[in-house]
There are 2 protein chains.
Amino acid sequence: QDQLQNPAPLANKKLQNCLSEVEGQTCIDLIHDFLNFFNLDYTREVFVPESSTNNFKSRAQLCHQLSIKETGDVQTAPALVSLVKERTKDTLSEFQV
Amino acid sequence: QDQLQNPAPLANKKLQNCLSEVEGQTCIDLIHDFLNFFNLDYTREVFVPESSTNNFKSRAQLCHQLSIKETGDVQTAPALVSLVKERTKDTLSEFQV
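Residues numbered from 1 in each chain as written. Chains lettered and ligands numbered in written order. Predicted model: local features only at pLDDT ≥ 70, side-chain atom pairs only at ≥ 80, totals over all residues. Heavy atoms only, no water.

Undergrad: Hey, could you go over the relation of the copies chain B and chain A for me, with residue numbers and the actual values?
TA: Laying chain B over chain A is done by rotating through 180° and shifting 0.0 Å along the axis; what remains is an RMSD of 0.0 Å. The superposition of one copy onto the other is thereby described by a two-fold rotation axis. Residues of chain B ranked by C-alpha distance from the rotation axis are headed by T43 of chain B, positioned 2.9 Å from it. In this assembly, 100% of the residues forming the interface of chain B have copies in chain A that are likewise at the interface, indicating an isologous arrangement. (Least-squares fit on C-alpha atoms with pLDDT ≥ 70 in both. Contact = heavy atoms within 4.5 Å.)

See the structure below:
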């Protein structure tokens, strides 16, 4: 009966392994920030329980952790968009050097 | 009656503006690749219609576009995880210089 009252949580081993690394948790935080920013509320309502995470980093924390420059973009775009923009810019400038 | 038969699509102007830029679409592709990789199927089922996107880039296309080095990681992790790992590594090496 204990087993029925306390069933094992639905295991997603692959995700759990990812979440055990800082970078994996950061990805979850980036997605949560993106969904929040664009009011993708239905997706977020499913994502939160399915990702087994309930404590998400704020955009400011993410920008700090990923050293995203606090340009105007950070106020007006999710951290993931800023990250991709900086990455694309960096890649372009490599070619331009 | 035309209005009833052809209602305006639910508009998410903020997201639509984002998707009009390459980087915005790339974020959507990165999230889709992440959800796919970790079998976050319920989230994906909601994300696809809510993001108004139905043509997602493959991981190989994403890695090419973002110049993610095709290390072993690319085979065993979503593009977003590789991107965050490279970013963290780059940031660390800046401090170590």
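Undergrad: Can you tell me about the packing of helix α3 (residues 22–37) of chain A against helix α4 (residues 41–50) of chain A, naming the residues and giving the values?
TA: Residue and element names in this part refer to chain A. α4 packs onto α3 with a crossing angle of 155° between their chain directions and a minimal axis gap of 9 Å. Compared by their axis directions, α3 and α4 come out roughly antiparallel. The handedness of the crossing between α3 and α4 comes out as left-handed. Where α3 approaches α4, its residues I28, I31, H32, L35 and N36 are matched on the opposing element by T43, R44, F47 and V48. (Axes fitted to C-alpha atoms, helices over the stretch in contact; angles between N-to-C directions. Helix = DSSP H or I, 4+ residues; strand = E, 2+ residues; numbered from the N terminus. Parallel < 35°, antiparallel > 145°, perpendicular 65-115°, else oblique. Left-handed = near helix turned anticlockwise from the far one by under 90°.)

Undergrad: Break down the interface of chain B and chain A for me, citing the residues and quoting the values.
TA: Opposite the 36 residues of chain B that make contact, chain A presents 36 residues. Across the chain B to chain A interface the summed buried area is about 3400 Å²; carbon plus sulfur atoms make up 70%. Considering only the side of chain B, the residues that lose the most area to chain A are F38, E50 and R87 of chain B, jointly responsible for 19% of the buried surface there. Remark: the boundary between chain B and chain A carries 4 salt bridges. Linking R87 of chain B and E86 of chain A is a salt bridge whose minimum nitrogen-to-oxygen distance equals 3.0 Å. Run the count over chain B and chain A and you get 18 residue pairs in polar contact (both at pLDDT 80 or more). Those elements that provide at least two residues to the side of chain B that touches chain A are α2 (13–19), α3 (22–37), α4 (41–50) and α7 (79–96) of chain B. Per element, the largest residue contribution to the side of chain B that touches chain A is 10 residues, and it comes from α7 of chain B. Its residues assigned to classes, the side of chain B that touches chain A comprises 20 nonpolar, 7 polar and 9 charged. (Buried area = accessible area lost by both parts, 1.4 Å probe. Salt bridge = Lys/Arg side-chain N within 4 Å of Asp/Glu carboxyl O. Polar contact = N/O pair within 3.5 Å; in protein donor to acceptor, adjacent residues only side chain to side chain. Nonpolar A, V, L, I, M, F, W, Y, C, P; charged D, E, K, R; others polar.)

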